[in-house]
Amino acid sequence: MIAESELVSLIEKFRECRLLVVGDVMLDEYLWGKVGRICPEAPVPIVEEVRRSSVPGGMANVAANAVALGAQVALGGVVGADAQGKSLRDMLSRLGMDAAGLRIDPQRPTTTKTRIIAHNQQVVRVDREDTRPISSALEQDLLEWFRERLPSADVCILSDYAKGVLSPALTPELIAVAHQYGRPVVVDPKGWDYRRYRGASIITPNLREARLALTNGAPPPDDLFAIGSGLLELLPGTSVLVTRGAEGLALFREHHPPLCIPSAARQVYDVTGAGDTLIATLAVAIAAGVSLDLASALANRAGGLAVGKLGTTTVGASELLAAASAA
């Protein structure tokens, strides 16, 4: 993929990269326990709680992964006026990122996913969220913050989890502002209508999302290359990196043949947050000035490390270096 000395130099350069990340922040809570018996009231396991933990989730995990690689990160999103929102803001500050772009909306809760884990297996997940679009006032507030911070960023990430921040109104405006300043935009998309992502530099749907987006929810084609070509036509000038799980990645670009990258995962333990790791690595590598081929390969390697861990997690620069050097 790349000589080890060049890889070391590249990963050292990650510390100079500055990212601006906007999207749906979440708090991922974990209740860890063990199962010893079945509930007499219903045929469900009784989980005896051992400990609790929480980590940044959603777009906040994208930002945390970029920080773990050494990048400088400022992020913008919306949290509630609740204990979960305060906990999340405190976590992000401790990680060393600029969380001044987080806006508080007292009318909605902080998106929180609570997973109950027993014997290293997820038993159930409880979600607390409001997925309605944020108010127009909050949209304008985030847009102004984005416009002010953009000159000091190298790359922008839009991390869309369909929780209301990256609305059909705000998303095109963010991309248009990034174009004005000549900054690449990396998008983790959601939903069927990808027209709001027009103008992005690259999008990273999984295969199922890509198939549905191409036909706006109608029965989609099965052929990977037809899907990739169709998305290139739908989004002129935008590259498409399709994540395919155990099959790896497929990169589609205008005026280039498709590039298929085999999966780098040695063991799939938990896919939670693997897409966050992938897009963060892709964006940091692009900020470091490498080709899209190499950035995609590094992102694939980082994603392969993420699925070998339990829960929402990050992949650090030293882990990526060791894995890429051994490839």
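Quick notes on the rules
- Residues numbered from 1 in each chain as written.
- Predicted model: local features only at pLDDT ≥ 70, side-chain atom pairs only at ≥ 80, totals over all residues.
- Heavy atoms only, no water.
- Pairing = 2+ DSSP bridges.
- Helix = DSSP H or I, 4+ residues; strand = E, 2+ residues; numbered from the N terminus.
- Axes fitted to C-alpha atoms, helices over the stretch in contact; angles between N-to-C directions.
- Contact = heavy atoms within 4.5 Å.
- Salt bridge = Lys/Arg side-chain N within 4 Å of Asp/Glu carboxyl O.
- Core = buried A, V, L, I, M, F, W, Y, C linked by side-chain atoms within 4.5 Å.
- Buried < 20%, exposed > 50% of the residue type's maximum accessible area, 1.4 Å probe, protein only.
- Phe/Tyr/Trp six-rings, centres within 6.5 Å; stacked < 30°, edge-to-face > 60°.
- Lys NZ or Arg CZ within 6 Å of the ring centre and 35° of its normal.

(A) Region of the structure containing the sheet that holds strand 3 (residues 45-58). Here we have four strands laid out as an open sheet, ordered 3-2-6-7, and mixed in their pairing. The sheet terminates laterally at strand 3 and strand 7 (121-128), the two strands that pair on one side only. The average undirected angle you get between the axes of adjacent strands in this sheet is 20 degrees. Inspection of the sheet shows strand 2 (residues 25-38) paired to strand 6 (residues 112-118) by seven bridges, in the parallel sense. Bridging across to strand 6, L27 finds its partner in T112. In this fold helix 2 (residues 59-68) packs onto strand 2 and strand 3, with an angle of close to 65 degrees to the strand it touches most, strand 3.

(B) Main features of the pattern of salt bridges. Counting across every chain of the model gives 15 salt bridges. In this structure, E144 and R147 form a salt bridge, with 3.9 Å as the shortest nitrogen-oxygen distance. Highlighted residues: E144 and R147, both in helix 4 (residues 136-149), separated by three residues, approximately one helical turn. Between D293 and R253 there is a salt bridge; the shortest N-O distance is 2.5 Å. Of this pair, D293 sits in helix 9 (residues 292-306) while R253 is found in the loop between strand 12 (249-252) and strand 13 (259-261), placing the two residues 40 residues apart along the sequence.

(C) Just the nonpolar core, in detail. Residues L19 and L75 are the most contacted members of the largest nonpolar core, which totals 56 residues. Counting residues per element, this core draws most heavily on helix 8 (residues 274-287), which supplies nine residues. Look past the residues within four positions of L19 in its chain and what remains in contact with it is A66, A71, Q72, V73, A74, V155, I157, A283, V284 and A287. Formed by 38 residues, the second largest nonpolar core is a distinct cluster that contains L20, A153, L174 and V240.

(D) Structural view of the packing of aromatic side chains. In this structure the tally under the stated criterion is three aromatic pairs. Residues F225 and F252 carry aromatic rings whose centres are separated by 6.2 Å and whose planes lie at 75 degrees to one another, so their mutual orientation is edge-to-face. With a gap of 27 residues between them, F225 in helix 7 (residues 224-234) and F252 in strand 12 connect regions that are remote in the sequence. Looking at F225, the relative accessible area reads 39%, which means it is partly exposed. We note K190 situated over the ring of Y161; from NZ or CZ to the ring centre the distance is 5.5 Å.

(E) Layout of the environment of I227. Among the secondary structure elements, I227 is positioned in helix 7. The buried category is assigned to I227, whose relative accessible area is 0%. Through-space distance from the C-alpha of I227 to that of L207 is 8.8 Å; in sequence the pair is 20 residues apart.

(F) Broad picture of the side chain of T111. By the element assignment, T111 lies in the loop between strand 5 (98-105) and strand 6. Taking the relative accessible area as the measure of exposure, T111 reaches 7% and is therefore buried. Once residues lying within four places of it in the same chain are set aside, the contact partners of T111 are V25, M26, L27, R128, E129 and K163.

(G) Just unusual backbone geometry, in detail. Look at H119: it is not a glycine, yet its phi comes out positive at around 55 degrees. Considering the arrangement of structural elements, one finds H119 in the loop between strand 6 and strand 7. The exposure class of H119 is exposed, given its relative accessible area of 53%. The phi angle at N120 is positive, at roughly 65 degrees, despite the residue not being glycine.

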